[in-house]
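These are the residues of each chain, in order.
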Amino acid sequence: MPTDRCSAAHAEDPTPCGGPGDAVTILDGVGGAAAGCEHHGARILAAIDGARVEPGSVVGAATRTFVAARSALLY
Ligand SMILES: [Zn+2]
């Protein structure tokens, strides 16, 4: 079990990070924020109602995360 994952990775989600752990910032809509990689950012964005994604250290990552989260909701 990897322990060096980004803070957006859920404990019950065993998948590894997809890129830098501060690629995006996820705002949960109630005042919380977590830096995360694109992969876990998209997962948490899709899972939390009212969550938003803001750019982090990687240019374009927030857009890709947003698109991936929408795809996850559709399929
Ligand atoms: Zn991650």
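Residues numbered from 1 in each chain as written. Predicted model: local features only at pLDDT ≥ 70, side-chain atom pairs only at ≥ 80, totals over all residues. Heavy atoms only, no water.

Colleague: An account of the sheet that holds strand S3 (residues 52-55) is requested, with residue identities and associated values reported.
Modeller: The strand order across the open sheet formed by three strands is S2-S1-S3, and the pairing between neighbours is antiparallel. Each edge of the sheet is formed by a strand with only one pairing partner; in this case those strands are strand S2 (33-36) and S3. Each strand of the sheet is rotated relative to its neighbour by a mean of 30 degrees, with strand direction disregarded. Its contacts with the sheet place helix H1 (residues 38-47) against strand S1 (24-27), S2 and S3, and it is angled at close to 15 degrees to S1. (Pairing = 2+ DSSP bridges. Helix = DSSP H or I, 4+ residues; strand = E, 2+ residues; numbered from the N terminus. Axes fitted to C-alpha atoms, helices over the stretch in contact; angles between N-to-C directions. Contact = heavy atoms within 4.5 Å.)

Colleague: Outline the environment of Gly32, listing residues and values.
Modeller: Along the chain, Gly32 falls in the loop between S1 and S2. Residues Gly32 and Arg43, spaced 11 residues apart in sequence, show a C-alpha to C-alpha distance of 16 Å. With residues near it in sequence (within four places) discarded, Gly32 still touches Ile26 and Leu27.

Colleague: Could you give me a rundown of the coordination of the zinc ion, with the residues and numbers involved?
Modeller: Coordination of the zinc ion by the protein is provided by Cys6 (SG), Cys17 (SG), Cys37 (SG) and His40 (ND1), with metal-donor distances spanning 2.0 to 2.3 Å. Around the zinc ion, the four donor atoms sit at angles spanning 102 to 116 degrees, and that spread fits a shape best called tetrahedral. (Donors = N, O, S within 2.8 Å, 3.2 Å for Na, K, Ca; no water. Tetrahedral: all angles 85-135°; square planar, octahedral: opposite > 155°, others 65-115°.)

Colleague: Explain the side chain of Arg5 to me, using residue names and the numbers behind them.
Modeller: Tracing the chain through its elements places Arg5 in the segment before S1. It is Asp13 that comes nearest to the buried, bridge-free Arg5 among opposite-charge side chains, at 4.8 Å. A polar atom in the side chain of Arg5 sits 2.5 Å from the backbone oxygen of Asp13. Here Thr15 takes part through its backbone oxygen, which lies 2.7 Å from a polar atom of the side chain of Arg5. With residues near it in sequence (within four places) discarded, Arg5 still touches His10, Ala11, Asp13, Pro14, Thr15, Pro16, Cys17 and His40. (Buried < 20%, exposed > 50% of the residue type's maximum accessible area, 1.4 Å probe, protein only. Lys, Arg positive; Asp, Glu negative; His and termini not counted. Salt bridge = Lys/Arg side-chain N within 4 Å of Asp/Glu carboxyl O. Polar contact = N/O pair within 3.5 Å; in protein donor to acceptor, adjacent residues only side chain to side chain.)

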